[in-house]
Every structure is written in structure tokens, then in C-alpha cells.
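A structural walkthrough
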Amino acid sequence: MTGEQVLFALIKILIMVGFLFNTGAVLTWLDRRQSAMIQDRIGPNRAVIKVFGIEFRLFGLLHTAADGLKFFFKEDFIPPKADKVLFALAPMLAMMPVLALVAVIPFGDTVAIQYLWHRTPSGIIFPAVPRFGAPVPGVGPVDLLIAPLNVGILYAFALAGQGIVGAAIAGWSSDNKFSLMGALRAASQMVSYEVTIGLSLVGAMMVYGTVRLDDMVRWQGENTWGIFVQPAAFFLFFIAAVAESKRIPFDLPEAESELVSGYFTEYSGMKFGMFYFAEYMEIVTSSMLLVTIFLGGWQLPFLHRDGISIDFGYAHVWSTLLPHIWVTIFQVVAFFGKVLLLCSFQAFVRWSLPRFRYDQLMKLGWRVLLPCSLANIMLTGILVLATGHLGAEASGGLKVAADVTQAAVFLTIVGCVLTVAVGFFRPQPHVRWLAGTAARFAQARGGTKPSPMQA
Amino acid sequence: MNATFPKKPSRSADTVVVAHPDRDAHVQSFLPEVVHGISVSMKHFFHNTKEMLKDTRPDPVLERLDVGITTISYPEQKRPYPDRFRGLHRLMQREDASPRCVACLCCSTACPAQCIFIEAGEYPEGDKRRGYERFPVKFVIDELRCIFCGYCVEACPCDAIRMDTGAHAVPYDSRDQFIFKKDLLMSFVGRDGTHLTANPRHEPGEPTHPGIDRSHAHG
């Protein structure tokens with residue numbers, strides 16, 4: 001490894017782990033604020049920081065900082081009869097695999113460092129790179145993923161499976177019945193849903209013909225997003241991923257109404273914080289996996305390595321070259337944006353659905369999701385075989401269909417943005433009820449005094 | 001053991017047997033309802049986020065039944081109390097800023113919680129009111145003991161005590177602070193911001209004063 005490679009590796013680790021930590025922290029805020037918006041409440045807005053007499057509330061984001069600070073100063077309680085070594089080890093075991101999992105997730109296409117900019121006598125120019133072709137000589141090319149392992153997704157499975165260990169050890173070492181029950185539930189639930197996670201992706205691997213996550217994304221860029229070729233697998237994987245991160249409606253391991261707080265009942269201070277944080281980071285990593293495998297990773301519709309080119313099959317519609325640096329920035333932003341959107345969607349799921357009963361959970365896992373994923377593998381196998389024997393005309397038709405899905409994605413994005421923009425500027429009249437003296441007093445004063453905590 | 005269990009009562013004629021709910025795929029798969037639930041969540045989310053960002057939330061008092069966030073941010077925002085709300089007591093004042101109270105002990109007698117203590121005193125020799133009225137040397141209300149029934153206000157013959165401050169006891173640090181003394185009670189104002197009432201008291205020596213003093217009354 002040369003010095004440059006080490007430097008690039010460090011930068012990539014900084015980007016990925018930094019994103020993971022920051023998004024985990026922001027998600028704790030987003031969860032509270034989004035749930036407040038869903039439930040017609042105001043949500044956290046009290047934490048304030050004063051800089052030169054100006055108050056900053058940052059929409060309640062400071063509550064996250066205050067929470068983190070609080071975790072450090074709380075008493076670190078260990079139950080007298082707990083296994084002290086395992087008790088301290090469990091939060092680390094819960095956190096480690098989540099951090100290690102992002103190593104194989106690509107957040108951008110291969111960057112040809114030498115083509116980012118050229119210094120010429122007349123100024124700096126930003127060249128474009130060819131869409132296909134050999135890696136450029138000299139410095140780079142740099143893959144935008146931390147560890148280009150050729151086992152790819154199998155590594156992700158292996159680490160996702162480690163999440164059980166932390167939960168199980170936490171419950172066992174706490175010397176508490178509720179913790180033990182929670183650990184049992186967590187272990188059996190995660191083992192059950194791991195099966196679905198693995199099997200639902202087999203279909204995707206068959207279609208893409210690779211287990212490397214960056215090659216999967218490249219396939220999706222050249223053809224169509226995974227959600228269109230494997231809709232059932234996307235759905236199954238999404239359900240199983242929510243179950244893996246132990247969130248509502250699958251939060252039985254920590255069901256407050258039954259088990260106090262499940263396997264981390266006895267934890268306090270930063271050890272609890274690590275469990276809490278690992279749970280939120282697990283949402284981020286599961287969203288990253290979903291985006292990478294099914295939602296096109298860093299790809300945007302019609303945006304290729306050399307620029308934008310709109311084709312339908314072999315019919316060329318429009319194309320333009322874009323500088324390599326711009327393409328790279330668009331792709332990285334697209335990846336992280338998709339991840340954030342999916343995290344937010346998971347919060348919607350969490351705040352809309354009730355919790356399953358335990359037998360329902362097991363039935364769903366073993367009797368519904370597992371047979372469905374097996375059927376998906378079967379169907380995918382048949383289709384992959386069938387398309388392999390198609391003539392040139394039929395393959396051309398598939399190519400057109402793939403490009404139509406790209407156009408559909410593009411139109412959907414534009415439609416969503418337009419709907420939100422139009423909805424934002426549409427005025428919403430309010431209706432007044434002047435019943436009771438309180439309302440009449442308020443009316444006489446010209447409305448209730450606005451609160452200074454508007455954010 | 002020869003336990004006999006009560007027989008299951010036979011079904012009466014007007015019993016309605018409810019059929020088992022339909023369990024078709026639409027219901028059993030939960031999916032349509034899941035989608036519906038999430039869409040309701042999203043509707044509220046986007047509506048409330050928009051109003052939060054544009055700062056057009058409904059007024060929490062006037063538009064409290066409207067769609068959206070109608071939370072009152074309490075210490076900063078308050079719902080006005082209704083007209084006849086019985087809040088903290090206050091002692092009314094005369095034109096010369098002395099208390100209207102004549103220390104007749106009607107209020108402390110009427111008080112079911114016995115939270116009013118009055119120590120009556122005579123006006124000094126030479127005062128025009130001496131012999132006609134007394135005045136409260138001490139007037140103490142224990143606001144922790146008070147049950148806010150309003151009987152003291154009804155019992156008062158000279159409109160000297162009222163509960164129309166529109167304020168309620170704030171959470172103080174210690175119990176001593178809930179013992180309201182005369183000066184504090186006299187410093188409170190009503191909703192109109194004054195210490196006075198609309199019916200001024202007839203002072204001894206004025207032509208409208210009945211002129212009956214205590215020596216007359218008790219012969």
C-alpha cells in the first residue's frame with residue numbers, strides 16, 4: 001500500500017463512519033421531531049445555546065447533543081450479581097458490527113483522480129471521462145468504498161448476524177428476568193429474519209450475477225434499478241431489515257409494555273447510549289444496503305459516468321458530457337440522499353404501525369416471508385434462464401423496458417418535488433371557534449401571543 | 001367434592017349472534033391498512049412541517065379545533081382564563097389606598113378551609129373612622145390551604161376581598177411563600193389593572209354616611 005492509498009482509505013473511512021455517526025445522531029432527533037409532526041405535537045424545541053447573546057435552537061437538534069452529554073455524566077450502574085465482563089462487553093458487541101458493515105458499501109463510482117481537474121495555462125478545466133474503458137494510469141483510480149472485498153454482500157450478512165450476540169449477551173449478563181426474556185426474543189427474532197434477509201437477496205444476486213456491491217450498482221446503472229427486477233425481494237428485504245433493527249412493529253425484544261425495556265433494562269449511562277445509538281446506526285446501515293441493492297446505489301436516472309445520456313433501447317434521444325468531478329459529486333450526494341430518505345421512511349413506518357404479538361411475528365417470519373423468498377428465488381431462476389435464451393429482438397425490448405423504468409423514476413422524482421413545492425406554497429385557511437370567554441379574551445387581544453420557541 | 005357448576009343459560013330469544021368478521025386476503029394481509037396508516041402519517045407530517053416552516057400554525061386558543069399543531073407552549077403562551085375564574089385573592093383599596101376591609105371577620109368565618117387569619121385593630125384616637133370601623137392589622141391568607149371556593153368573596157359585606165386577579169399561584173420554592181400577607185394581597189390588581197371598585201365606600205363625615213357608630217348600635 002502506498003502512502004496515497006492509505007490517505008484515500010482514511011478519507012473514505014472518515015466520510016463513511018462520519019456519515020454513520022452523524023446520521024445516527026440526527027436520526028435520534030428526526031425520530032422525535034418527525035413523530036411530533038405526525039402526531040400534531042411540537043416536539044423537542046427547548047434546548048438552546050447562546051452565542052454572544054443570540055439564541056440558537058437549530059430546530060431542536062441540540063437535544064441530541066444534550067442527550068449525548070447526559071449519557072456521559074449518568075451513573076454507570078452494574079447490577080451486583082451481573083457478569084461484569086460480559087455486561088461491559090455487550091454494548092461493544094452490539095456497536096462493532098454495525099460500524100464494520102459499512103466497509104463494503106460503495107457510496108460512489110470509481111474516481112479517476114487525474115481526471116478531476118487539469119491545470120492548464122489558461123486556467124483549470126474539468127474534463128469528462130469515457131463511460132466505459134480501462135482504468136486510467138497514474139494516481140487512482142479510487143473505488144469509493146472502504147474495502148473492495150470480493151465476497152461483498154456475504155461479509156455484510158456475516159456482520160449483520162453478529163448483532164444477535166450483543167443482544168443475547170446483554171440479556172444473559174444482566175441477571176434480570178426481563179433482560180433475559182428480551183434477549184431470548186431478540187435472538188430468536190433475528191435468527192428467523194436473517195434467513196429471509198439472506199434468501200431474499202439470492203434472487204438479486206442471480207440477476208446481477210455478482211456478490212460485489214459496487215458491481216451490483218453498476219449493473220443497475222446500465223440496466224434498471226433492482227426494485228424493478230426484484231420487487232418481491234425488495235419488499236421482503238425491507239420487512240426483514242426492519243425486523244433486524246428491532247424497531248416497531250418488530251420491537252418485541254424491548255417491548256416496553258411487557259419487558260420494561262428488554263435486554264438493555266439494566267443498562268444506564270453511555271452503555272445504554274451505545275445500544276441506543278447502535279440501533280439507530282443499524283437503521284442507517286440497513287437503509288444503505290437497501291439503497292445499494294435495490295434503489296440503484298449512487299445511480300441517478302440517465303446520469304452515467306460520462307454525463308447525461310437519454311436513450312431508449314438503441315434510440316438515442318439526448319446526451320451531454322459532464323465533468324467527471326460533477327458526476328462524482330452528484331453520485332455521492334444521490335447515494336447519501338437516498339439513504340436519508342429511506343431512514344425517514346423507516347421512521348414513518350415506526351410511528352404508524354402497532355407492535356406484533358410474538359407468535360404473529362414468528363408466523364410472519366417462517367410461514368409467510370420465508371416461503372415467499374423461496375418462491376422468489378424459483379421464479380427468478382426461471383426468468384433468468386428464459387431471458388438467457390432470448391433472441392436479439394427480445395433483449396432489445398428488455399433494454400427499452402429498462403430505460404422506460406429509468407424515465408419513470410425520473411418522472412416520479414420530478415413529480416414528488418413539484419407536488420411538495422406546490423403544496424408548500426398553497427395557503428391553508430384556518431377556521432375560528434369563538435366559544436367561551438377564554439376565546440373571546442384572546443380575540444380581544446388579537447390572538448394568542450406567539451411563543452418565542454417557534455423552531 | 002360434589003361441586004355443581006351453574007348451567008349455561010339458554011340463549012334468549014333476543015340474542016343476536018354476531019358473525020365472524022370476514023377474513024379475506026384483503027384483511028388478513030394487513031397491507032392495504034398498513035399503506036393507509038402510513039399515508040395518514042405522511043399527510044399529518046407534511047401538513048404540520050409546512051405550517052411549522054411557514055410559521056402559520058393555527059392559533060392554539062382561537063383555532064384550537066382546526067387541523068394542525070394546537071399546542072400551547074405554556075409559560076410563554078397562556079390561554080386566557082374565563083371571566084369568572086377564581087384566581088388568587090386580592091384586597092381592594094379605598095380612594096386613599098387604605099384597605100376597604102373593616103375586619104369584620106365574615107370571610108374568615110365563612111372560609112371552610114380556615115385559611116384566612118385577620119387581626120382586627122382600632123383606628124387611633126382622632127381618626128375620623130374611629131368608633132365607626134376597625135381595620136385589619138394583619139390579614140393573612142394561606143394559599144396552599146385555600147380551596148378557591150369563593151365563599152370569602154360572597155361573605156364580604158363591603159367588597160373588600162375579590163378573586164378576580166386572573167392569576168393562579170405559581171410554584172414557589174417554599175411553603176412560606178404561599179402565605180400571602182396584607183401588603184402583598186393589596187398590591188394585586190384586577191383584570192382592569194386598578195385597585196378600586198366601581199362603588200366607592202361612604203366615609204364617616206361625608207353626607208351620605210349613615211352616621212351610626214358602634215356606641216349607637218349597642219346602646
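So, how was this worked out
- Residues numbered from 1 in each chain as written.
- Chains lettered and ligands numbered in written order.
- Predicted model: local features only at pLDDT ≥ 70, side-chain atom pairs only at ≥ 80, totals over all residues.
- Helix = DSSP H or I, 4+ residues; strand = E, 2+ residues; numbered from the N terminus.
- Buried ≥ 20, exposed ≤ 12 C-beta atoms within 10 Å, placed from the backbone.
- Domains from an automatic or database assignment.
- Axes fitted to C-alpha atoms, helices over the stretch in contact; angles between N-to-C directions.
- Parallel < 35°, antiparallel > 145°, perpendicular 65-115°, else oblique.
- Left-handed = near helix turned anticlockwise from the far one by under 90°.
- Contact = placed C-beta atoms within 7 Å.
- Nonpolar A, V, L, I, M, F, W, Y, C, P; charged D, E, K, R; others polar.

What follows concerns the overall build of chain A. Looking only at helices and strands, chain A features 14 helices and nine strands. Seen along its three principal axes, the alpha-carbon backbone of chain A occupies a region of about 70 × 60 × 50 Å. Going through the 455 residues of chain A one by one, you find that 40% of them count as buried.

Positionally, B:Ser73 belongs in the loop between helix H2 (31–54) and strand E1 (90–91). For B:Ser73 and B:Pro60, which are 13 residues apart along the polypeptide, the C-alpha to C-alpha distance reads 9.1 Å.

Take the domain arrangement of chain B next. Here chain B is described as being made up of domain 1 (24–80) and domain 2 (90–196). Relative to domain 2 of chain B, the C-alpha centre of domain 1 of chain B lies at a distance of 47 Å.

Residue and element names in this part refer to chain A. Two numbers describe how helix H5 (residues 177–208) lies on helix H8 (residues 231–244): the axes approach to 9 Å, and their chain directions differ by 155°. Relative to H8, the element H5 lies roughly antiparallel. With respect to the hand of their crossing, H5 and H8 are arranged in left-handed fashion. Of the residues in H8, those touching H5 at Gln-189, Met-190, Tyr-193, Thr-196, Ile-197, Ser-200, Leu-201, Gly-203 and Ala-204 are Ala-233, Leu-236, Phe-237, Ala-240, Ala-241, Ala-243 and Glu-244. Its residues assigned to classes, the contact of H5 with H8 shows 11 nonpolar, four polar and one charged.

Attention shifts here to the interface of chain B and chain A. Residue-level contacts link 34 residues of chain B with 32 residues of chain A. Of the residues contributing to the side of chain B that touches chain A, the split by class is 14 nonpolar, 10 polar and 10 charged.

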